[in-house]
Amino acid sequence: MFRYFVRRVLQGVLTFFGATFIVYALMFANQTDPLQALAGERPLPDNVRQALTERYHLDDPFIVQYGHYMRGLLTGDFGVSLTNRKISEMMSQAWPVTIRLAVLAMIIAVMISVTAGIISGIRRGGPFDTVTLVITLILLALPIVVLAPLAQLLFGIQLKWFPATAGADPGLFQLILPAAVLASLVIATEIRVTRASVAENLRADYVRTARAKGLSKRRVIGIHVLRNSLIPVVTLIGLDLGNLMAGAIVTEGVFNIPGVGFNLFRGIRTEDGPLVVGFVSILVIVFIVVNLVVDLLYAVLDPRIRYE
Amino acid sequence: MSNVESVTQAETPAAATAPNGGDGGAEKPRSLASDAWRDLRRNWIFWVAAVLVVLVVVMAAFPGLFTSADPSFCQLSRQHAGPSGSAIFGYDFQGCDVYARTIYGARNSVAIGLLATLMSGAISLVIGMAAGYFGGWVDALLARGIDIVLGIPTLLAAIVLARRLSDSEDSGFLPVVLTLGVLTWTTGARIMRSSVIAAKSQDYVAAARMLGAGHARLMFRHILPNAAAPFVVVLTILLGANIATEATLTFLGVGLRGDEISWGIDISQASQFVREAPAPLVWPALFLAATVLAFIMLGDAIRDAFDPRLR
């Protein structure tokens, strides 16, 4: 376990440096006038230009600039947006909203996909299974830019079941529709994986033993199969996080939820370069850390992984 | 955004009913490809997907076949006007014909999807082939590289990269293609690597090597054709995912822009006026979803046919 832990953490550190380096290089390297690019199409006054040059250490060689950027990231200093607000401050306001949304989305996703996945896995090839698989195929193919506005139109504006947009401090009810939209991004894969592992575990020796001991069907499936089938679903949460982040940008933009994605959405539209870089850096870090944690958790849950 | 990974790893749909191919040994032995084709012909998902794909490609190549209206002719006087005989989907905020714009929008999506997938396919072919064929430290190095790229959420990197590449003057076409091409090759490279490793240890490769074939000949003449099937499947699904990501980037404002006609632009514009007029939002969205679905279903169906483990 210890060796696996060390190896995986080292790998995570490497990925962290590589990924942040790429993001930073994408934004700043090799540009004739990075400051103008930051400001987008707006003209840049001289005093602002000077201040920005100093702030981003543009007179230093590239690798030193990256060093400054890394120090900022590690000490929690993510820079200042063009509207002169601290990115870390905007983040601390936005995170609670986004976390509320994400947790709600995860609950919806897990509830639906575990139930549907188990039923499909037990009755493979039955009508429920066939219908579920066709639905998952359609869900996999629906881009978030289609899903979010259409869901808003159908359930928010036409049927009026849910509020079409959320306000400054959205409550649970206002978040249900956007959370369901986000959840549908990951439901399809989760159903398919649960179904596959349930079907596989049903054939396992320990299930046969449990049945032979005369345990009830409910206990065999509820305890023995379910527990072992959920292990691969845990890893998916890590992989899905990237999808969820991408989805959150569009969903929060469409439903007007003042979370992390909404800030990024607005930053892109108003061409606020420093804001975009700051937010993207933080999201990349979150992504890497969560994936690391999930991988380690996976090794704890399933001892076979450690000895690969 | 792109669900390629999940699609390729996910279970096969039961709708692709198991083939009943083993009808006696009297028939002459068939190759994997002809076997797969037999399967495909019986799969209704394949036919639905293929018809849709052909339709979208024809739409992209010859939009004039479907509409005689000019998609860039807009009149504010007919803003949000309802459907009529000449414009069956009605008019949008600018007073442009929604049907014509939706038809013409296919071109950008298909072109970007194809070019980006070709580029990403070329990158993953080279990297996956090198990692799988040479193994050892080359493999270790490339695997770490793949890990790093996988460590960056695609859409986030695409936002930064597309912004960075695009000049405010141009239409954003090339930046989007480059962005998608550079960021989406990881799945293809991994699939290529594992199928090359599997193909490399076959006897016919050893035989060719003993006959004196060089690295290039071994790789492209002997290993590649036998490792190509899963790769092609991944690329088909990636094509659909790329079209979806393009629309998302455009929707966010870092993809296509200006006078370009594209589903992403139309969805982005119409979503602001969705309370007044839903039609300009719904139609491009449905066309986009159907196109993405078609490519993903096609890839899914081909994978099922080529995967002998499911027989």
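Think of each chain on its own: its residues are numbered from 1, step by step along the sequence as written. Each chain gets a letter, beginning with A, and each ligand a number, beginning with 1, in the order they are written. Local features in this predicted model are restricted to residues of pLDDT 70 or higher, and side-chain atom pairs are both shown and tallied only at a pLDDT of 80 or more, whereas totals for entire chains, interfaces and linings draw on every residue. Where side-chain values are given, they derive from all heavy atoms of the structure, hydrogens and water being excluded.

## Things to note about the environment of A:Glu89
Residue and element names in this part refer to chain A. Quick note on the threshold: Working definition: helices are DSSP H or I runs of at least four residues, strands are E runs of at least two. Numbering for both runs from the N terminus. The cut-offs for exposure are 20% and 50% of the maximum accessible area for each residue type, with area from a 1.4 Å probe on protein chains only; residues under the lower value are buried, those over the upper are exposed, and the others partly exposed.
Residue placement: glutamate 89 occurs in helix 5 (residues 87-122). The exposure class of glutamate 89 is partly exposed, given its relative accessible area of 45%. Considering only alpha carbons, one finds glutamate 89 and phenylalanine 78, eleven residues apart in sequence, at a separation of 9.5 Å.

## Side note on the interface of chain B and chain A
When the parts of a complex come together, some accessible area is lost, and that lost area is often used as the size of the interface. Definition in use: In what follows, residue pairs with any heavy atoms lying within 4.5 Å of each other are defined as contacts. The term buried area denotes the loss of accessible surface (1.4 Å probe radius) that occurs when two parts are joined, taken as the sum for both partners. When a carboxyl oxygen of Asp or Glu lies within 4 Å of a side-chain nitrogen of Lys or Arg, that pair is called a salt bridge. Identification of polar contacts relies on pairs of N or O atoms within 3.5 Å, with a donor-acceptor requirement for protein atoms, meaning one able to donate a hydrogen and the other able to accept it, and with residues adjacent in sequence counted only if both atoms are side-chain atoms. Gly falls in the polar group here, along with every residue not listed as nonpolar (Ala, Val, Leu, Ile, Met, Phe, Trp, Tyr, Cys, Pro) or charged (Asp, Glu, Lys, Arg).
Each side of the interface is counted separately: chain B has 50 residues, and chain A has 61 residues. Summed over both sides, the interface between chain B and chain A buries roughly 4,800 Å², with carbon and sulfur atoms accounting for 74% of that surface. Across the contact surface, chain B and chain A share one salt bridge. Residue A:Arg192 is joined to B:Asp300 by a salt bridge in which the shortest nitrogen-to-oxygen separation is 3.9 Å. Seen at the junction of chain B and chain A, the total is one residue pair in polar contact (both at pLDDT 80 or more). Every element with two or more residues in the side of chain B that touches chain A is listed here: helix 1 (4-9), helix 5 (136-150), helix 6 (154-165), helix 10 (215-252), helix 11 (263-270) and helix 12 (279-306) of chain B. Looking at which element gives the most residues to the side of chain B that touches chain A, the answer is helix 12 of chain B, with ten residues. Residue composition of the side of chain B that touches chain A, by class: 33 nonpolar, ten polar and seven charged.

## Structural notes on the pattern of salt bridges
All chains considered together, the criterion is met by eight salt bridges over all chains. The salt bridge partner of A:Arg208 is A:Asp205, with a shortest N-O separation of 3.9 Å. Here the residue A:Arg208 and the residue A:Asp205 both occupy positions in helix 9 (residues 205-212), the gap between them amounting to three residues, near one helical turn. The partner of B:Arg144 in a salt bridge is B:Asp147, with the nearest N and O atoms 3.1 Å apart.

## A look at the packing of aromatic side chains
All names here are of chain B. What counts here: Working definition: rings of Phe, Tyr and Trp (its six-membered ring) pair if their centres are within 6.5 Å, and the pair is stacked with planes under 30 degrees apart, edge-to-face with planes over 60 apart, and tilted otherwise.
Summed over the entire model, instances satisfying the criterion amount to eight aromatic pairs over all chains. A centroid spacing of 6.5 Å and a plane angle of 65 degrees characterise the contact between tryptophan 37 and tryptophan 47, whose relative ring orientation is edge-to-face. On the criterion of sequence distance, the pair formed by tryptophan 37 in helix 2 (residues 32-41) and tryptophan 47 in helix 3 (residues 44-61) is long-range, its members being ten residues apart. Residue tryptophan 37 is classed as partly exposed on the basis of its relative accessible area of 40%. Residue classification places tryptophan 47 among the partly exposed positions, given a relative accessible area of 40%.

## Description of the nonpolar core
What counts, and what does not: Put simply, a nonpolar core is a bunch of buried Ala, Val, Leu, Ile, Met, Phe, Trp, Tyr and Cys residues held in one set by side-chain atoms that sit within 4.5 Å of each other.
Counting residues in each nonpolar core, the largest one holds 131 residues, and the members touching the most others are A:Leu264, B:Ile159, B:Leu252 and B:Leu288. It is helix 12 of chain B that contributes the most residues to this core, 14 residues altogether. Each residue touching B:Ile159, except ones within four places of it in the same chain, is listed here: A:Ile249, A:Ile268, A:Val276, B:Leu249, B:Leu252 and B:Val254.

## A short note on the confidence of the model for chain A
The predicted coordinates should not be examined in detail at positions where pLDDT is low. Convention followed: pLDDT: the predictor's confidence for each residue, scored from 0 to 100.
The share of residues in chain A with pLDDT of 70 or more is 92%, and the mean pLDDT across the chain is 81. The secondary-structure element of chain A with the lowest mean pLDDT is helix 2 (residues 34-39) of chain A, recorded at 62, while helix 9 of chain A shows the highest, at 88.

## Comments concerning unusual backbone geometry
Residue and element names in this part refer to chain A. In this structure, asparagine 256 takes a positive phi of about 65 degrees despite not being glycine. Within the secondary structure layout, asparagine 256 lies in the loop between helix 10 (217-255) and helix 11 (260-269). Looking at asparagine 256, the relative accessible area reads 37%, which means it is partly exposed.

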